[in-house]
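Geometric and topological summary
Residues per chain are reported as follows:
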Amino acid sequence: MNYESDNIFAQILRGKIPCKKVYEDDFALAFHDIHPKAPTHILVIPKGPYVAHDDFVASASDAEIAGFERAIGKVTQMVGVTGSGYRLISNCGVDAHQEVPHYHVHILGGRALGAMLASK
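Below is a summary of the structure that appears in this document. (Residues numbered from 1 in each chain as written. Predicted model: local features only at pLDDT ≥ 70, side-chain atom pairs only at ≥ 80, totals over all residues. Heavy atoms only, no water.)

**Structural notes on the sheet that holds strand S2 (residues 28-32)**
To keep things clear, this is the line we draw: Two strands are said to pair when DSSP picks up at least two bridges between them. What counts as a helix is a DSSP run of H or I of at least four residues, what counts as a strand is a run of E of at least two, and both are numbered from the N terminus. Note on method: axes are straight lines fitted to C-alpha atoms, helices fitted across the in-contact stretch only, with angles between N-to-C directions ranging 0 to 180 degrees. Any two residues whose heavy atoms approach within 4.5 Å are treated as being in contact.
Taken in spatial order, the five strands of this open sheet run S1-S2-S3-S5-S4, and their pairing is antiparallel. Either end of the sheet is taken by a strand with one partner, and the two such strands are strand S1 (21-24) and strand S4 (86-89). Here the average twist between neighbouring strands, direction ignored, is 20 degrees. Where strand S3 (residues 40-46) lies against strand S5 (residues 105-109), five bridges are found, and the strand directions are antiparallel. Within S5, the position partnered with Ile42 by the bridge is Ile107. Sheet strands in contact with helix H3 (residues 62-78) are S1, S2, S3, S4 and S5, and its direction is about 140 degrees off that of S1.

Rendered as structure tokens:
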């Protein structure tokens, strides 16, 4: 999957599409998912043009990687899921159903989330 500079998250970063922002710093932007799968469903995206986790860790600077991870931690505290628990999900590639070719992490919480994967 190649990075598409006109993907929806890139457009959100450029201010072309609005979002319900939760947090922003030099490295990351966090906002509410428009189709939440749990009472708390926040997306955290790095500000750089990275397709998926493997691209991010191979291409981003140490400062970007640390800043992004710290942003995820700050957001989990801000939205109040650290006490009861939460799940971090990053879908990478076609088999994982990655829909937007911009690396992102879902923060899910606010209720018991059940089994991690559906059985077939």
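Here the narrative resumes, following the displayed structure.
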